[in-house]
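Working through the structure, step by step
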Amino acid sequence: MTTAMSTLRENLVVMKFGGTSVEDAVAIARTAGIVQGRRNKGLAAVVVVSAMAKVTDQLIAAAAAAGRGDRSGALAISARLRNRHIDTAVALLGESDARLPGLHAALHVEFDALDDLLRGIAAVGELTPRTNDLVTSFGERLSSRMVAEAFAQHGLEGAHVEARHCIITDDHYGKATPLPEAIEAALHQHVLPLIEAGKTPVMGGFIGSNLQGITTTLGRGGSDYTAALVGGGLHAGAIEIWTDVNGIMTTDPRICPDALRVKTISFEEAAELAYFGAKVLHPATILPAVQKSIPVWVLNSHNPGNEGTQIVAMSPRCASPFKSIAAKKRLTIIDVVASRMLMSHGYLKAVFDVFDKYQCAIDMVSTSEVSISLTVDSNEKLPEICAELGKIADVKYEGHKALICLVGEDIRGHNGIAGRVFSAVSHVNIRMISQGASEINMSFMIDEEDVEEAIRSLHRAFFTDPDPTVFDLTARLPAASR
Ligand code: ADP
Ligand code: ASP
Ligand code: MG
């Protein structure tokens, strides 16, 4: 690598803005201002945006309506989305801006294609995962075009990049796996020249295409993943995930309004939290960044002055055992009781092979002499899995379960933690317990309806006197001294 190129990469920041950061003209203008702030510091930026808030949910609803043959219902959703985008474009650029007709035309082209697609799905009355991906891809296709145009208002030269040309994946529709080498090559072809020309590339997150060019998506919340893939592929100096909270917090602030910002967290802790339900980051986000040792920041676009959370390779020592508490809902617990061959040699393998065959990920496992309990987050293939397991065991399953997960690298250094955890939730019925093999999480399974109460009790028990070197306690200071 030449010196010029390595300097360019050190100075390159990939900035991802979530749905609430591009939800309307005001939010998009704020986002543009944040990007301009980075550019003013002499940094180059690649911007990855989600669909405007709630748009993906509405596209999923439109696709489902069309799949049921409800043509007018599907087109009505699309019409509302069209109005929202057209109005936002006017509010962003202003009626008299010479670029408004071009942006409007581009948005109408996308919406006309969406409407044609919905009519086609409704005519056939069948929605396949492949077509569902195509419908949901419109959210990021539209938002990225608007944001790229809005940048000019802020003196930035935005350049729209078609994300589907860059994020190359396998063809597992709905949750495609990225192909890093192909992505790196595509980013070098489509994005690097724009950066070198001093432009600010803007691309949609979440969407990609397979090797045949057919549209795929990376799964819900996948724009974070796109940012990490772009950061990894371009060897960026930093990745910033801009969202609607001050960073990674001690738990979801929607459940516990007195949650605190975690100033620094390790890659391993953040990955564990994301996997176990902390929506603030997509579970797969961290990996491409870790592999290339790229620092990741989680920041608040509604409060850009806040320092956010830095995700680093090694977490600093912390006097508090846990960094954060996450909850993963909509889980199913499956009890497999070995009726005929009491856990004989090869038995566990036979059970796991069934899950493997149906590509069903298992979250938690506990075994006894004769039984295995497992939890899964996808009910899609459950009837087939249980039918097949039924050949070697008695099987029963129960839904509406949730996993509470406490994460922290300092669990190891504290004695009596399990006792403190379980006395904090002594009023809750606990089904399964696991102290993660990674030694940085402690998790247990409860009924979904007990989640909020359990989290609040645990938060009181573990974050009443937190270590100020790791947690931001400003929110707890009297208003006058903040
Ligand atoms: P975006 O649209 O920016 O991707 P998301 O809605 O996906 O934002 O994620 C941000 C939300 O994650 C927050 O509003 C918050 O409610 C939720 N959340 C869950 N757990 C945490 C946590 N530990 N720290 C911060 N936010 C969390
Ligand atoms: N728009 C997609 C979703 O809502 C991806 C994302 O926002 O990260 O899931
Ligand atoms: Mg998200």
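Scroll up to find the structure this text is about.
Here's what I pulled together on the structure shown here. (Residues numbered from 1 in each chain as written. Chains lettered and ligands numbered in written order. Predicted model: local features only at pLDDT ≥ 70, side-chain atom pairs only at ≥ 80, totals over all residues. Heavy atoms only, no water.)

Before going further, it helps to examine the site of ligand 1. What surrounds ligand 1 is a group of 18 residues, the closest being Thr243, Asp244, Met249, Asp252 and Arg254. Here an oxygen atom of ligand 1 sits 3.2 Å away from a polar atom, N or O, in the main chain of Gly19. Here an oxygen atom of ligand 1 sits 2.7 Å away from a polar atom, N or O, in the side chain of Asp252. Contact with the protein chains removes 91% of the 570 Å² of surface that ligand 1 exposes when unbound. Residue composition of the shell around ligand 1, grouped by class: seven nonpolar, six polar and five charged. (Near = heavy atom within 4 Å. Polar contact = N/O pair within 3.5 Å; in protein donor to acceptor, adjacent residues only side chain to side chain. Areas by Shrake-Rupley, 256 points an atom, 1.4 Å probe, with all protein chains shown as cover. Nonpolar A, V, L, I, M, F, W, Y, C, P; charged D, E, K, R; others polar.)

In this section: the site of ligand 2. Around ligand 2, a shell composed of Ser50, Thr56, Glu140, Phe206, Arg220, Gly221, Gly222 and Ser223 is seen. Between Glu140 and ligand 2, the recorded distance is 2.6 Å, taken from a side-chain N or O atom to a nitrogen atom. Between ligand 2 and Ser223, the relevant distance is 3.0 Å, taken from an oxygen atom to a main-chain nitrogen or oxygen of the residue. Residue composition of the shell around ligand 2, grouped by class: one nonpolar, five polar and two charged.

Core analysis: the biggest nonpolar cluster contains 80 residues, and Ile311, Ile404 and Leu458 have the highest contact counts within it. Excluding its chain neighbours within four sequence positions, the residues that come into contact with Ile311 are Ile248, Ile265, Ser266, Phe267, Ala270, Leu281, Ile286, Pro295, Val296 and Val298. Grouped together as the second largest cluster of nonpolar side chains are 50 residues, Val49, Leu117, Ala148 and Leu299 included. (Core = buried A, V, L, I, M, F, W, Y, C linked by side-chain atoms within 4.5 Å. Buried < 20%, exposed > 50% of the residue type's maximum accessible area, 1.4 Å probe, protein only. Contact = heavy atoms within 4.5 Å.)

Attention shifts here to the sheet that holds strand E4 (residues 168–169). Ordered in space as E4-E6-E7, the three strands form an open sheet in which the pairing is mixed. The sheet is open, and its two borders are formed by E4 and strand E7 (215–217), each paired with just one other strand. Across the sheet, helix H6 (residues 129–150) lies against strand E6 (207–210) and E7, angled at about 80° from E7, the strand it touches most. (Pairing = 2+ DSSP bridges. Helix = DSSP H or I, 4+ residues; strand = E, 2+ residues; numbered from the N terminus. Axes fitted to C-alpha atoms, helices over the stretch in contact; angles between N-to-C directions.)

Time to look at helix H4 (residues 71–93). Taking 1.5 Å as the rise per residue, H4 with 23 residues should run 33 Å; its terminal C-alpha atoms sit 33 Å apart, in good agreement. Along H4, the positions that sit buried rather than exposed are Ala74, Leu75, Ile77, Ser78, Leu81, Arg82, His85, Ile86, Thr88, Ala89, Leu92 and Leu93. At its buried positions, H4 is contacted by helix H2 (25–40), helix H3 (55–67), helix H5 (100–124) and H6. (Expected span 1.5 Å × (residues − 1).)

Another point: the pairing of E6. Of the two faces of E6, the one carrying Ile207 and Ser209 and the one carrying Gly208 and Asn210 are both buried. Relative to E6, E4 is paired through two bridges, and the arrangement is parallel. Bridge pairing links Ile168 to Ser209 in E6. Bridging between E6 and E7 involves three bridges; their strand directions are antiparallel. When the sheet's bridge partners are listed, Gly208 is paired in E7 with Thr216.

A word on the sheet that holds strand E13 (residues 324–337). Overall, antiparallel pairing links the six strands, which are arranged E14-E15-E13-E16-E18-E17 in an open sheet. Edge positions in the sheet fall to strand E14 (362–367) and strand E17 (432–435), since each of these pairs with one other strand and no more. The mean angle between the axes of side-by-side strands here comes to 30°, regardless of whether they run parallel or antiparallel. Direction of pairing for E13 relative to strand E16 (residues 394–407): antiparallel, over a ladder of eleven bridges. Counterpart to Ala327 in the pairing with E16 is Ile404.

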